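Given next are the chains, with one letter for each unit.
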Amino acid sequence: MLLRLRGPDGMIRITIEKNDTVGDLGRQLVSQLPPTVDPNSITMSPNPQATDSRRLKDIVKVKLGQIGLNHGDLIFINYDHQDNVTNGHANGVPPSSLPSANRLNGKPILPTETLSVDPPPLTSPGKVIKNPWEVVRQSALDDRLDRKDGKIPRGRDRMCKHGPKGMCDYCMPLDPFNPQYLADKKIKYLSFHSHLRKINSATNKPELGSSFIPPLREPYFRVKQDCPSGHPQWPEGICTKCQPSAITLQPQPFRMVDHVEFASFELVNTFIDAWRKTGAQRVGYLYGRYTEYTEVPLGVKAVVEAIYEVPQVDEADGVSLNTWENESAVNEVARLCGLEQVGVIFTDLLDSGAGDGTVICKRHADSYYMSSLEVCFAARLQSQHLKPTKWSDTGRFGSNFVTCIISGDETGQIAISSYQVSNEAMEMVRADLIEPSADPGVMLVREEEENGGSSGPTRYIPEVFYRKINEYGANVQENAKPAFPVEYLVVTLTHGFPAEPKPTFDTPKFPIENREVIGESQQYSHVAKAISASGGNKLGSLSDFHLLAFIQGMGVLSKEEEALLCKAATTRDLADTYQLFSLPGWQTLETILQATGETTPKTRKRPRSSSGDEGGMLGAQANGGAASASTFNATSSSPYTSTSSTAVSQRPGEPLAKRFAAVRLNERNDHRPVFDRAKFENL
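Residues numbered from 1 in each chain as written. Predicted model: local features only at pLDDT ≥ 70, side-chain atom pairs only at ≥ 80, totals over all residues. Heavy atoms only, no water.

Remarks on the pattern of salt bridges
Here the idea is simple: oppositely charged side chains can pair when their charged atoms come close. One pass over the full model with this rule turns up 26 salt bridges. The partner of R363 in a salt bridge is E374, with the nearest N and O atoms 2.6 Å apart. One end of the pair, R363, is in the loop between strand 14 (340-348) and helix 9 (372-383); the other, E374, is in helix 9, and 11 residues separate them in sequence. Classification of E374 as buried rests on a relative accessible area of 13%. Of the charged contacts, one joins D506 and R572 as a salt bridge, the two residues approaching to 2.6 Å between their closest N and O atoms. Here R572 lies in the loop between helix 14 (559-571) and helix 15 (574-581) and D506 lies in the loop between strand 24 (490-496) and helix 11 (524-530), a separation of 66 residues in the sequence. (Salt bridge = Lys/Arg side-chain N within 4 Å of Asp/Glu carboxyl O. Helix = DSSP H or I, 4+ residues; strand = E, 2+ residues; numbered from the N terminus. Buried < 20%, exposed > 50% of the residue type's maximum accessible area, 1.4 Å probe, protein only.)

Take a look at the structure:
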């Protein structure tokens, strides 16, 4: 028999046998209700007033025939929703549910997968957050910009007729989204907070006394789940309530980040060195922070302090990314340094062959600036770094993640270009509506059915249009199928270097990670050289992001010691540095480097005082190498120099590493570091 159940979310029809129990009815009912419904709160009643309602869990063993239900009966149900809505994550704390190599390892995406970038969210994307301005946690920069009025002050104009304390239309402050001011300053895009002020002034009018409505709304081009109409889920069923509307592409009038600033020129030059040595392209992740950008009203800029080169296979015409296993560890080091992932950078260089250092210009107005493959790549990364905001009904809107490309300009010089993709591009890639083409300046719209239609529709493709100026100068609307220009999905940013560079880290002298293919690898000898006391510049030697990430990967220091190490490296505070050197973990690190034989040679030669000293030294070297051990301990930075030197000289005839480890074990007490050889045997 067919039973009709009417609830708060619409009508549900269930086919069931008369001899089945109420529990069987409940199992079919729960599968068709929204996922946020609490099954223990479902009640049934024969009338809409619910005068004789019963909880479903109290009568699960009762048969439907005993209640008197027949074919075609109407039952009224009611239920409560669980309060489990999440609000995303704050800037700089990436979601732990995202795998490190999600859609970035070159593996093909199956056509049966509904999401091409992110795993399914905890709640349906159509769900909105109740009062997001109360529960969503923004970044400190966004809160600071929200408190500003953003008005652009103007001086007294020649048309002003009032006194010095007056104000008129000619001298009153301008809104941050004033089009005339932006045109005069040659600002192409609104900043995000200027765009927010513009749409909020049109959406919410406090003078009318109406309730507040979040002005931002994310685009959603997928079939909505949990449709209240009661039909089967897509692809078995679809209606006008759950299908997406037609898409009309237009250039995005605002950008989430206005400017990209590299802390120093050497940061980029060191990254380009990999291409200079191999001729192959290179990819790296940008670590930095977001700050205010005063050149644009309510602007935001990304300050890049470090470039981390992930595991990859470099080729002359592209890069294949491997699995980045220690991504969370590197992000934790960046967080301790006050940084976060702000973008990605890659090269697209080809030597001109002239021998003067010039490169071929591939990207210009007649070809392309950002290829369709790069647009999809940037959209996937931006979808993994969403921006939390309290001004959106879903608690998130867009992304601050930037994409920088190093390529040749019109003069043949190496230049940097900075881009972002629009929010529509992020959603189209997430909904699997578009794919790259062989022509880099054209994006393809996917077909709704693949494999000859034998497996049925794998995705729902709405109508896609875009507007352009035709050959007659008229603004016309064109169908985007099968392809459309990528310019509709790209937002350009400005970039530059500070006039007075003050980078957080010094010029990197520690080897860059994942460069074994060009003969550069990170060894313990490099760590010993970096932390040695030669030259008296321990503060500067520790100030290297690649060194900090390598030390963290050794697993010797505790969490507190790692935090102190990152603080000393970024602030260069002498007190924090000497406090770090006195901690057991750091002394254990020095012990490991010394016990494994990774020592730093002396930078200054010892002056020869007399021939007698030379003879004494030669005699000591012949006698089991005791003088060599004494010299080694004299140049060590360990605080146990004199004791270790005496003990080692009394045990000749053994390898230096073994004798040194024995001395450490003999001198162990509560205030000295413990060297566990079994723990570090693999090192």
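With respect to the environment of A530
Examined against the element boundaries, A530 turns out to sit in helix 11. Residue classification places A530 among the buried positions, given a relative accessible area of 13%. Residues A530 and L547, 17 residues apart in the sequence, show an inter-C-alpha distance of 8.2 Å.

A word on the packing of helix 13 (residues 545-554) against helix 14
Geometrically, a packed helix pair is captured by the angle between its two axes and the distance between the axes. The contact between helix 13 and helix 14 brings their axes to 11 Å, and the two run at 170 degrees. Considering their axes alone, helix 13 and helix 14 lie roughly antiparallel with respect to each other. Contact residues: L548, I551 and Q552 in helix 13; E562, L565, C566 and A569 in helix 14. Residues belonging to the contact of helix 13 with helix 14 are distributed by class as follows: 5 nonpolar, 1 polar and 1 charged. (Axes fitted to C-alpha atoms, helices over the stretch in contact; angles between N-to-C directions. Parallel < 35°, antiparallel > 145°, perpendicular 65-115°, else oblique. Contact = heavy atoms within 4.5 Å. Nonpolar A, V, L, I, M, F, W, Y, C, P; charged D, E, K, R; others polar.)

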